[in-house]
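Descriptive structure summary
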2 protein chains.
Amino acid sequence: MPLIATPQTMHFATPLPLAGGGQLADYHLTYETYGTLNAARDNAVLICHALNASHHVAGEYAGKAKSAGWWANMVGGGLPVDTNRFFVIGINNPGSCFGSTGPMHINPATGRAWGSDFPVLTVEDWVNAQARLLDELGIEQLAAVMGGSLGGMQALSWTLQYPQRVRHAAVIASAPNLSTENIAFNEVARRAIVTDPDFCGGHFYDYGLVPKRGLRIARMLGHITYLSDDVMARKFGRELRHPVTGRAGGYRYSTQDAEFQIESYLRHQGEKFSEYFDANTYLLITRALDYFDPAGRFDGDLRAALAAAQARFLLVSFTTDWRFAPARSREIVKALLENRRDVTYAEIDAPSGHDAFLLGDERYLAVVRAWFARIECSGEQEKGAAA
Amino acid sequence: MPLIATPQTMHFATPLPLAGGGQLADYHLTYETYGTLNAARDNAVLICHALNASHHVAGEYAGKAKSAGWWANMVGGGLPVDTNRFFVIGINNPGSCFGSTGPMHINPATGRAWGSDFPVLTVEDWVNAQARLLDELGIEQLAAVMGGSLGGMQALSWTLQYPQRVRHAAVIASAPNLSTENIAFNEVARRAIVTDPDFCGGHFYDYGLVPKRGLRIARMLGHITYLSDDVMARKFGRELRHPVTGRAGGYRYSTQDAEFQIESYLRHQGEKFSEYFDANTYLLITRALDYFDPAGRFDGDLRAALAAAQARFLLVSFTTDWRFAPARSREIVKALLENRRDVTYAEIDAPSGHDAFLLGDERYLAVVRAWFARIECSGEQEKGAAA
């Protein structure tokens, strides 16, 4: 029987104070839960999302085809994050475009869409918002927090902001901060969006416009950084879309037609993305990525920055991930070990680049499964023996 | 005494047949020469340019400050490519925007600027155009052909198209073809240009417009691929432009301001580039890069493709070049050795990424110097002994 997901919304009347000064007043969060909170309320697992994802982590929507959650191969009954044992929570972060309060919603101060006036939120702000939702759900301590990429940054930040509230943290395909090159790619994507005339200074909603040109470029570029050179070569190589017989190389000799399969693929990805993703959300989330840097307040000393963490950790990286390369995960592992924390680290030899964290590599899933199996929750002794 | 460069123009009334079908009729080439052609006419060295360069390889323009050629550290009196020995020629390729016939010039068939109607030229077409210029200069055989990046592809192609006309070939920081990822980056840059409303389907000249937004994005992106992650981290790190005291992290918390130094640097590079580079030229040259693939006609067998080459080769790659990584140069070296060709190969441990081929690493310059010193030209026996 498939897991049926039901999005819920919670309203917060108390303003959320923000790292950048100011506050987010009167906001709502969209979330989903899977499984059952136990009597001791100590079996909750929070899943944090990355750039292009939402609260819809697992299961599917009743009667809706192709509506599986973005981590449906990871979270569910009998899966590595087992919803028969854990009460799993997915939350859409504020500023995102999948339900929680974001730049496309009405700014109560002006009566029109927030647009580019939406406050810049940080990873730390998101974690605070998530913590408040847990307060409302009556969850004092998480069995685990887990995320990949930007989601991994949130998981890491949880262990620093609320060390007593999280027993375990799984930080997948992540990094202690963005490299200069990571920031550079983000900036190119942002400039493509901001300089699209249809962006209208971030208030395109008021004009019924969407800066699709910019969003397409941002997504095409992002997509290259999610894949590995290897996997692109294997999937597409130099294959042509429609080779022309009788022409040297089979080429059409056009600068604007999609000549190679990879061009067609990227255009398709860009087009799809531009039809559902919000331009201001793209700016906000890439900035949250840029800004995350827990070692920043410790003169770059990551060991000192992570001294506050109390959780047991799982870190996973993927060999062909050049966005957040294994070396970045190893920085976190090293800093945690220097603090004598309990760390499990797996470096998976997967060909799929950064995207591997969303895919079903068996060794990866097995590592996560084994690590979660060791997490103890109340009232499970008997069940564990029976299983 | 500095070398003074003087650009010259040669007109060609005979149409140039093109790989893609059709021809380029009634065109001119801009070129420069340095040094003196010897009596035997066998000391000529042709330098081929890459995407953003021209015929202005060496020396400087009389009375013009900051007008040094793009390879002025490599080519000149007493330099690795010594203009006291060699007659060096720089040619601007047709389709470029630095003097030779290009998309900004008048299409005789329509009386208006070529724009996007300019024919798509290949590396092979450029080599044919260069060979015709050598015919006019009375140079039957080159002592050497040399280029970096896309220029290296032209040097390699010379040895295949005109094996009898080139005694030596220096192929620097180049590749036997573009990888899928290389093509993907080119495509993102092209889409940024083509979808800029000011591109006007490639006929922006007619409207007095320039698609600067697209050119800026293309250049920012290109720039990231020319540098290495390392050199960017070393030069810019996560340094802020104007840290705000009293704010967490010193951030301004803005999605549109240039917060990090790397953002400011990339924007500056994009801005400069958009002020002088032609949008159609960008499309044409990136397509020539995409299309180059000498092994393509041999079912991907590079050994078979390079069997025609007779020249002695120098290949140089740079360890941190991820655009054209050392592995790509090694493919060429391997295929040449399998054909029992004379190959010198140097892999330079330089931090600067692809850009390293334009910079003055001493070991790199020494390798090129030594390799050129071994090239024999007529009437030099006595001089050689005296030197």
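Here is what the cut-offs are and how they apply
Every chain's residues receive numbers from 1 upward, in the order its sequence appears when written. Written order decides the labels, with chains lettered from A and ligands numbered from 1. pLDDT decides what is reported in this predicted model: residues at 70 or higher carry local features, side-chain atom pairs at 80 or more are listed and counted, and totals for whole chains, interfaces and linings draw on all residues regardless. With hydrogens and water set aside, each side-chain value is computed from the structure's full complement of heavy atoms. A least-squares fit on C-alpha atoms brings the copies together, and the residues used are those whose pLDDT is at least 70 in both copies. Only heavy atoms matter for contacts: two residues are in contact if any of them lie within 4.5 Å across the pair. Helix numbers and strand numbers start at the N terminus; a helix is a DSSP run of H or I with at least 4 residues, a strand a run of E with at least 2. Whether a residue is buried, partly exposed or exposed follows from its accessible area with a 1.4 Å probe, protein chains only, as a fraction of its type maximum: under 20%, in between, or over 50%, in that order. By the counting scheme adopted, Arg and Lys are positive, Glu and Asp are negative, and His together with the chain ends is not counted. Throughout this description, the term salt bridge denotes a Lys or Arg side-chain nitrogen within 4 Å of a carboxyl oxygen of Asp or Glu. As a working definition, buried area equals the accessible area (1.4 Å probe) given up by two parts on being put together, with both sides summed. Distance and chemistry together define a polar contact, namely a pair of N or O atoms within 3.5 Å, with one atom able to donate a hydrogen and the other to accept it when in protein, and with adjacent residues in sequence counting only for side-chain atoms on both sides. As a working rule, the residues Ala, Val, Leu, Ile, Met, Phe, Trp, Tyr, Cys and Pro are called nonpolar, Asp, Glu, Lys and Arg charged, and the rest polar, with Gly in that last group. By this rule the span expected of a helix is its residue count minus one, scaled by 1.5 Å. Within this analysis, the arc is defined by the directions that extend from the helix axis to the C-beta atoms. DSSP-based pairing: two strands are paired if at least 2 bridges between them are found. Whenever a helix is involved, its axis is fitted only over the stretch in contact; in every case the axis is a line through C-alpha atoms, and angles between N-to-C directions fall within 0 to 180 degrees.

Once that is clear, we can look at the relation of the copies chain B and chain A. Mapping chain B onto chain A calls for a screw motion: a turn of 180° about the axis and a shift of 0.0 Å along it, with 0.0 Å RMSD after fitting. Taken together, the rotation and translation describe the operation of a two-fold axis. By residue overlap, the copies meet face to face through one surface: 100% of the interface positions of chain B are interface positions in chain A.

Our focus in this paragraph is the side chain of B:Asp82. You can see B:Asp82 is positioned in strand β7 (residues 81–82). For the buried B:Asp82, no salt bridge exists, and the shortest N-O distance to an oppositely charged side chain is 5.9 Å, to B:Arg369.

Moving on, we come to the interface of chain B and chain A. Taken together, the contact between chain B and chain A spans 57 residues of the former and 57 residues of the latter. Buried area between chain B and chain A, summed over both chains or domains, comes out near 4900 Å², and the portion from carbon and sulfur atoms is 63%. Here chain B and chain A share eight salt bridges between them. Residues B:Asp293 and A:Arg238 are paired through a salt bridge, measuring 3.4 Å at the closest nitrogen-oxygen approach. Linking chain B to chain A there are 26 residue pairs in polar contact (both at pLDDT 80 or more). Contributions of two or more residues to the side of chain B that touches chain A are made by α3 (180–194), α4 (212–226), α5 (229–235), α6 (261–276) and α7 (279–291) of chain B. A total of 11 residues in the side of chain B that touches chain A trace back to one element, the largest contributor, which is α3(B). Residues belonging to the side of chain B that touches chain A are distributed by class as follows: 29 nonpolar, 12 polar and 16 charged.

Let's shift gears to helix α10 (residues 362–373) of chain A. Residues and elements named next belong to chain A. The end-to-end C-alpha distance of α10, which contains 12 residues, comes to 16 Å, matching closely the 16 Å that a straight helix rising 1.5 Å per residue would cover. Looking at α10, one finds that the buried residues are Tyr 364, Leu 365, Val 368, Trp 371 and Phe 372. The buried residues of α10 occupy an angular sector of 130° when projected down its axis, which confines them to one face. Structural note: α10 exposes Glu 362 and Ala 373 on the side pointing more than 90 degrees away from its buried face.

A few words on the pattern of salt bridges. Applying the stated criterion across every chain, the model contains 40 salt bridges over all chains. The salt bridge involving A:Glu263 is made with B:Arg190; its shortest N-O contact spans 2.7 Å. Placement of the pair is A:Glu263 in helix α6 (residues 261–276) and B:Arg190 in helix α3, with the two residues belonging to separate chains. On the basis of relative accessible area, A:Glu263 is assigned to the buried category, the value being 0%. Owing to a relative accessible area of 1%, B:Arg190 belongs among the buried residues under this scheme. When the shortest N-O distance is used, the salt bridge between A:Glu331 and A:Arg328 registers 2.7 Å. In this pair, A:Glu331 and A:Arg328 both sit in helix α9 (residues 326–338), three residues apart, roughly one turn of the helix.

The next thing to look at is the environment of B:Val57. Residues and elements named next belong to chain B. Considering the arrangement of structural elements, one finds Val 57 in the loop between β5 (44–48) and β6 (75–76). Judged by relative accessible area, which is 0%, Val 57 ranks as buried. Between the C-alpha atom of Val 57 and that of Val 75, which follows or precedes it by 18 residues, the distance is 7.4 Å. When near neighbours in sequence (up to four residues on either side) are disregarded, Val 57 contacts Glu 32, Tyr 34, Ile 47, Gly 69, Trp 70, Trp 71, Ala 72, Val 75 and Gly 90.

Backbone hydrogen bonds hold the strands of a sheet together, and the pairing may be parallel or antiparallel. All names here are of chain B. Taken together, eight strands build an open sheet; the order of strands is β1-β4-β8-β5-β9-β10-β11-β12 and the sheet is mixed. The open sheet terminates on both sides in strands that have one partner only, identified here as β1 (8–12) and β12 (343–348). Between one strand axis and the next, the sheet turns through 20° on average, direction left out of account. Bridge count for β1 against strand β4 (residues 27–34) is five bridges, and the pairing is antiparallel.

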